[in-house]
Amino acid sequence: MSSFALTLYVLIWPVIAAAVLITLCVSLYRDMRKAKRDGTDLV
Amino acid sequence: MYQLSTPTVLLLLLCFYGLTFLVSLRVGRKDENVDGYMVSNNSIGFGMAAASMTATWIWAASFYAAASSGYKFGLSGALHYGFWGALMILFIYPFGRRFRALAPKAHTLAEIMHARHGRSSQMILAGSNIVGSMISLMVNFTAAGALVAVLSPLSFVHGVLIAGFGILGYTIWSGFRSSVLTDFGQLFAMIFAAVVIIPIIFFQLGGPELFAQGMPTLSPEQASFYSKTAILEQGAPYFVAVLAYAIGNQTIAQRLFAVREDLMKSTFVTATIGYASIVIGLGMLGFLALLAGVQPVEGDLNNLIPQMASTYLPPFAIGLFFIMVIGSLSSTADSDLSALSALVMTDVYGKNLAKGKPNAKTMLFVGRLTMVVATMLAVVFASLKLDILTMLIFVGALWGAIVFPVIASLYWGRITNAAFTSAAFAGFLMFLVARFELLELEGVVALSFELFASIGGGVVIGLMAFGFFGRKVGFILGGLAFLILAPFAFGFLRDYPVLLSSLTAYGVSTVVCVLVSLLSNEDFDFDCINERVVAFHGNTDAATEDEGVTPCPVLR
């Protein structure tokens, strides 16, 4: 494997983790807004 | 190694547990609902549920073991830890849908077994869940002690005590709801730290240049993406444990009962990706350490990650690393406390001690008392520094004996309580014989164990295929797996007692469960499960439904 491919192999994981975090944050924000609108508990 | 000062560590711990406690106060209620205390409102949203599932499944050992695997096995090492660990979440999903459909108001898997079979099956599952959660709790407290001892002048016991009381403090009042709510913040801290730490260490070590210098120093096996050693010594045993850990772990069961039903798929898939990215990413630090020629302090691979952090990170990032590990162990430990309380509340008190008449206030008291006792026991055992990883491998393999009986019981109406119980005991017994070589593994004895282990391999593959693709594909792939494995297993598996015993537990329990079931004519009506598993709070039926389990109508 080339150095570029190995670099990608090592650094792709934090990138995916960051994408998951953004997805979860956006989703939580929507859930919080919906819970507030409906007057229900988040958990 | 660089150490944080005592005031800095105390401040970080105070901020972490103080903030977590304040967050948990947001969901505190004067009159807590017992069902909410165990499984929330059964309709948690996607973001919160996926974050909680991910945070719970990532514990401190995930980082250390993934990095050890990367260091030991090279290029593919971290994948062989993180990938299979992630699949544990994914493979429980199809079965989780079935559990949820049969018993939407369940609190524990053992409770469903009670409704399906009766007390002995319930207590076998509940007992194994309790042992597993207690060990997990001890491991997490031990990790806290070790982290504090390595990164600060404070002692191991200080770390154990602070973590124990910090976690108990924010979990005891609202139970599972506190656990889920705080998991989000803990996961946020974990991912943020991972995203910052991995690139910093990579570029500190020289960036892409590291590969040009380090790759030629690796052994051919370490440099290969398809390393046979990595597969046989790390991937295969972990793969075998995939279903066992998912079935044997109440923390996952609680979350699958808590999430909104239509969001189960997206929750499980996201948690799988989240877990894989964080754990494999941190496992890469082990691979980088190998390339850089780093030698673990005192030859202990568990020191690798703290060592890399303290050597290559600036002080602020060491603080981030510290919070990341504390976050990971706390999120799992609070889930273990919630799981233990739910098991004791439902399966010990609700279904047994209360004689079918659980009192909501007493039940809540039992749950909170369980958390206090479990914390005290875990603190004491953690302080003894027992060989916990060995215990964990032991319990993980032990769970193999209940996987088939639990799953099959919820699909095949012919399985009886006697079949479940005898299968679990037979699988456990044969597991012990193989694991501790109580019989000499030679000749016919060894061949018999290898035969059962091959059946076990077929069962693992068959169940996984069955979960996603249905009965026909499950049978075909399971049968094929057996036929392919058997010729290799004979004369070979006897030299790998850990793998042999794990697969034997699956194989023996399956054979016994099927044979004993075939002796009966039972045809269980699965609708009975929903009738028997009900919410405890404000449900008067719950008080009367359990005066001894009445047999469900038998359909002919």
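Source: prediction; values computed, not measured.

Asks: Would you mind going over the interface of chain A and chain B in detail, with residue names and values included?
Replies: Counting residues at the interface gives 21 residues for chain A and 33 residues for chain B. Residue composition of the side of chain A that touches chain B, grouped by class: 15 nonpolar, four polar and two charged.

Asks: Break down the environment of Leu11(A) for me, citing the residues and quoting the values.
Replies: Considering the arrangement of structural elements, one finds Leu11(A) in helix 1 (residues 3-38). A residue is classified by how many C-beta atoms lie within 10 Å of it, and Leu11(A), with 17 of them, is partly exposed. If near-sequence neighbours (up to four positions away) are discounted, Leu11(A) is found in contact with Pro199(B) and Phe202(B).

Asks: Describe the packing of helix 16 (residues 315-353) of chain B against helix 17 (residues 360-383) of chain B, naming the residues involved and giving the relevant values.
Replies: All names here are of chain B. It is the contact of helix 16 with helix 17, at a shortest axis distance of 8 Å, that shows an interaxial angle of 130°. Compared by their axis directions, helix 16 and helix 17 come out oblique. Judged by the sense of rotation from one axis to the other, the crossing of helix 16 with helix 17 is right-handed. Contacts between helix 16 and helix 17 involve Leu-337, Leu-340, Ser-341, Val-344, Met-345, Tyr-349 and Gly-350 from the former and Met-363, Val-366, Gly-367, Thr-370, Met-371, Ala-374 and Thr-375 from the latter. Within the contact of helix 16 with helix 17, the residues separate by chemical class into nine nonpolar, five polar and no charged.

Asks: An account of helix 3 (residues 46-57) of chain B is needed here, citing residue identities and associated values.
Replies: Along an α-helix, a turn takes 3.6 residues, which lines up residues three or four apart on a common side. Its twelve residues give helix 3 of chain B an end-to-end C-alpha distance of 16 Å, which sits within 8% of 16 Å, the value for a rise of 1.5 Å per residue. Regarding helix 3 of chain B, the residues found buried are Phe46(B), Gly47(B), Met48(B), Ala49(B), Ala50(B), Ala51(B), Ser52(B), Met53(B), Thr54(B), Ala55(B), Thr56(B) and Trp57(B). Residues of helix 3 of chain B that are buried in the fold lie against helix 1 of chain A together with helix 5 (77-102), helix 9 (176-204), helix 13 (250-258), helix 14 (264-292) and helix 16 of chain B.

Asks: Any details on the nonpolar core? Residues and values, ideally.
Replies: Counting 209 residues, the largest nonpolar core has Ala194(B) and Leu288(B) as the members making the most contacts within it. The element that contributes the greatest number of residues to this core is helix 16 of chain B, accounting for 18 residues. Each residue touching Leu288(B), except ones within four places of it in the same chain, is listed here: Val10(A), Ile201(B), Phe202(B), Leu205(B) and Leu210(B).

Rules and cut-offs
- Residues numbered from 1 in each chain as written.
- Chains lettered and ligands numbered in written order.
- Predicted model: local features only at pLDDT ≥ 70, side-chain atom pairs only at ≥ 80, totals over all residues.
- Contact = placed C-beta atoms within 7 Å.
- Nonpolar A, V, L, I, M, F, W, Y, C, P; charged D, E, K, R; others polar.
- Helix = DSSP H or I, 4+ residues; strand = E, 2+ residues; numbered from the N terminus.
- Buried ≥ 20, exposed ≤ 12 C-beta atoms within 10 Å, placed from the backbone.
- Axes fitted to C-alpha atoms, helices over the stretch in contact; angles between N-to-C directions.
- Parallel < 35°, antiparallel > 145°, perpendicular 65-115°, else oblique.
- Left-handed = near helix turned anticlockwise from the far one by under 90°.
- Expected span 1.5 Å × (residues − 1).
- Core = buried A, V, L, I, M, F, W, Y, C linked by C-beta atoms within 7 Å.

Keep in mind these values describe shape, not function.
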